[in-house]
Amino acid sequence: MKVALVFGTRPEAIKMCPIVKELKQHKEIETVVCVTGQHREMLRPILEIFQVNPDYNLDIMKEKQDLFDITDSVLQRIKEVLKKESPDIVLVHGDTTSAFAAALACFYMKVPVAHVEAGLRTYNKYSPYPEEFNRQAIDVISEIFFAPTDLSKGNLLSEGKRKDCIHVTGNTVIDALKTTVDGDFHSEILDWAGNSRLILMTAHRRENIGKTMQEMFEAIREAAEIYEDVKVVYPVHMNPAVKNAAEDILGNTDRIKLIEPLDVVEFHNLMNHAYLIMTDSGGIQEEAPALGKPVLVMRDTTERPEGVAAGTLKLVGTKKEDVKSGLIELLTDTCVYQKMAQAKNPYGDGHASERIVQVLCEWWRKQNAEEIC
Ligand code: UD1
Ligand code: UDP
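Notes on the structure in this doc start here. (Residues numbered from 1 in each chain as written. Chains lettered and ligands numbered in written order. Predicted model: local features only at pLDDT ≥ 70, side-chain atom pairs only at ≥ 80, totals over all residues. Heavy atoms only, no water.)

Side note on the packing of aromatic side chains
Inspection of every chain in the model, using the stated rule, returns six aromatic pairs. Seen from their ring centres, F107 and Y108 are 6.0 Å apart, and the 45 degrees between their planes marks the pair as tilted. The cationic tip of R197 hangs over the ring face of Y227; the distance from NZ or CZ to the ring centre is 5.9 Å. Positioned above the aromatic ring of W192, the side-chain terminus of K231 is 5.0 Å from the ring centre. (Phe/Tyr/Trp six-rings, centres within 6.5 Å; stacked < 30°, edge-to-face > 60°. Lys NZ or Arg CZ within 6 Å of the ring centre and 35° of its normal.)

Take a look at the structure:
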């Protein structure tokens, strides 16, 4: 069986590399890795850490790329790879435009698609944007659904997907955490934070860029200024629109440090040492419950309600007053803090990649049995 994996951004790489490693354990499977290069600098360190050497790099990234650029470049460039390799199945992950365009290309060429992290939903196609659409569209195209939880399986069933095509595997991000988190971690940031309470923040969502993101940043700056024992570190996403806003509003503040994006080992370990996390990220919402770190999610919707149910995540929205009051509450009310700081992992046991590969092998066996019949 020839399995191709296509991914292009930081979070997809973190969650797909464990599957690549598992596939490579199976000598009977030929594994082809195609990165779209939707992210360039932010992808490289992950591939190095997981020792994954892509067979193809579509190298599509452009500064300030828009959704047309990404969709168009991936569609055009992946065509040749699919033609040349003729994979038996293609794995795409999650909700990025790389994943959507790769799935669409497979559909055009009638190549079966398996969707890793399938079935997450907000049912609001503009939040997150364009990710909710991408996810739903990929699930229209896919033959196999790797749902991380029973809840995501339920979403797929309620949309009429076939039960025997849905497999609850857990999320491969837990597989990744098993290899990255190290009890013996040291870093300059931790030295800088000293005995202060360290807030780790990230923000990058397309729909927040502009006024919304400015308000989020102002809220954090104003709340952090109140507490002398609080320091904030923000590994700023490389999107120039995000960088500029971060520098304008959060730069030149003693207890706030803006740094370059961290590699995944550093980031996961910093999460593990942080007092709390502020984010609009998707993946961080899955990692934090496993590490028992309270997260204020600066979004109006989440496709990851499991972490909210577990008590680790709280949706504070994106308005300045809401973000600020949410943060102040968590910094002052130790009962609220302690309730959120419970490690409860709704995302599986760290063996998701093994289950995914087992399902693929079984699928292949059935395909061949049907052909013989
Ligand atoms: C993309 C995904 C989003 C995912 C996020 C993870 C889409 C539409 N968006 O959003 O779902 O949550 O990745 O981070 O698929 N840049 C660099 N170097 C890099 C990466 C980005 O310079 O390594 C800059 C470029 O100027 C690029 C811009 O950031 O044009 C935006 O990158 P893009 O992938 O389009 O959007 P993200 O916000 O990263
Ligand atoms: N991450 C990282 N370095 C950073 C910030 C985040 O390795 O400086 C990791 C984080 O642990 C998570 C993933 O990147 O696994 C989340 O990526 P991002 O927030 O860019 O995308 P999303 O999950 O929102 O799609």
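A closer look at the packing of helix 9 (residues 211-226) against helix 10 (residues 240-250)
The description of two packed helices rests on the angle between their axes and on the distance between the axes. Their axes nearest at 10 Å, the elements helix 9 and helix 10 cross at an angle of 35 degrees. The interaxial crossing formed by helix 9 with helix 10 has right-handed handedness. Where helix 9 abuts helix 10, its residues M213, Q214, F217, E218 and R221 lie against V242, A245, A246, I249 and L250. Residue composition of the contact of helix 9 with helix 10, by class: seven nonpolar, one polar and two charged. (Axes fitted to C-alpha atoms, helices over the stretch in contact; angles between N-to-C directions. Helix = DSSP H or I, 4+ residues; strand = E, 2+ residues; numbered from the N terminus. Left-handed = near helix turned anticlockwise from the far one by under 90°. Contact = heavy atoms within 4.5 Å. Nonpolar A, V, L, I, M, F, W, Y, C, P; charged D, E, K, R; others polar.)

Structural notes on the environment of R299
Topologically, R299 is positioned in the loop between strand 12 (295-297) and helix 13 (305-309). Overall, R299 belongs to the buried group, its relative accessible area being 4%. With 20 residues separating them in the primary sequence, R299 and T279 have C-alpha atoms 8.4 Å apart. Among the polar contacts made by the side chain of R299, one reaches the main-chain carbonyl oxygen of T301 at a distance of 3.2 Å. (Buried < 20%, exposed > 50% of the residue type's maximum accessible area, 1.4 Å probe, protein only. Polar contact = N/O pair within 3.5 Å; in protein donor to acceptor, adjacent residues only side chain to side chain.)

Notes on the pattern of salt bridges
The tally for this structure, following the rule as stated, stands at 28 salt bridges. Among the ionic pairs, E159 bridges to K161, the shortest N-O distance being 3.8 Å. The closest approach of N and O atoms between E362 and R365, which form a salt bridge, is 2.8 Å. With E362 and R365 both in helix 16 (residues 352-372) and three residues apart, the pair spans about one turn of that helix. One continuous salt-bridge network, built from bridges that share partners, spans K15, D95, E117, R135, E286, R299, E303 and R304. (Salt bridge = Lys/Arg side-chain N within 4 Å of Asp/Glu carboxyl O.)

A word on unusual backbone geometry
Cis geometry marks the peptide bond from S127 to P128; its omega dihedral reads -5 degrees. By the secondary structure assignment, P128 is in the loop between strand 5 (113-116) and helix 5 (131-141). For the bond from Y129 to P130, the omega torsion is 10 degrees, close enough to zero to count as cis. One non-glycine residue, D59, lies in positive phi territory at about 50 degrees. Note that D59 resides in the loop between strand 3 (56-57) and helix 3 (67-85). At N252, a position not held by glycine, the phi torsion is positive, near 55 degrees.

Some remarks on the nonpolar core
Residues F217, Y234, L276, M278 and L327 are the most contacted members of the largest nonpolar core, which totals 33 residues. Only strand 8 (197-202), helix 9, strand 9 (230-235), helix 10, strand 11 (276-279), helix 14 (320-332) and helix 15 (334-340) provide two or more residues apiece to this core. Looking at this core, the element that brings in the most residues is helix 9, giving seven residues. Beyond its immediate sequence surroundings of up to four residues, Y234 is in contact with M201, T202, A203, F217, V242, A246, L250, K257, L258 and I259. (Core = buried A, V, L, I, M, F, W, Y, C linked by side-chain atoms within 4.5 Å.)

Thoughts on the sheet that holds strand 3
Pairing in this open sheet of seven strands is parallel, and the strands run 3-2-1-4-5-6-7 from one edge to the other. Edge positions in the sheet fall to strand 3 and strand 7 (166-168), since each of these pairs with one other strand and no more. Running over the sheet, helix 4 (residues 97-108) touches strand 1 (2-7), strand 4 (89-93) and strand 5 and is turned about 160 degrees from strand 4. Most of the contacts of helix 5 go to strand 5, to which it runs at about 145 degrees, and overall it touches strand 4, strand 5 and strand 6 (144-147). (Pairing = 2+ DSSP bridges.)

Digging into the packing of helix 1 (residues 10-24) against helix 7 (residues 172-180)
Contact geometry for helix 1 and helix 7: axes closest at 8 Å, N-to-C directions at 80 degrees. As the angle between them shows, helix 1 and helix 7 are arranged roughly perpendicular. Contacts between helix 1 and helix 7 involve I14, K15, P18 and I19 on the former and, on the latter, T172, V173, D175 and A176. Looking at the contact of helix 1 with helix 7 residue by residue, the classes come out as five nonpolar, one polar and two charged. (Parallel < 35°, antiparallel > 145°, perpendicular 65-115°, else oblique.)

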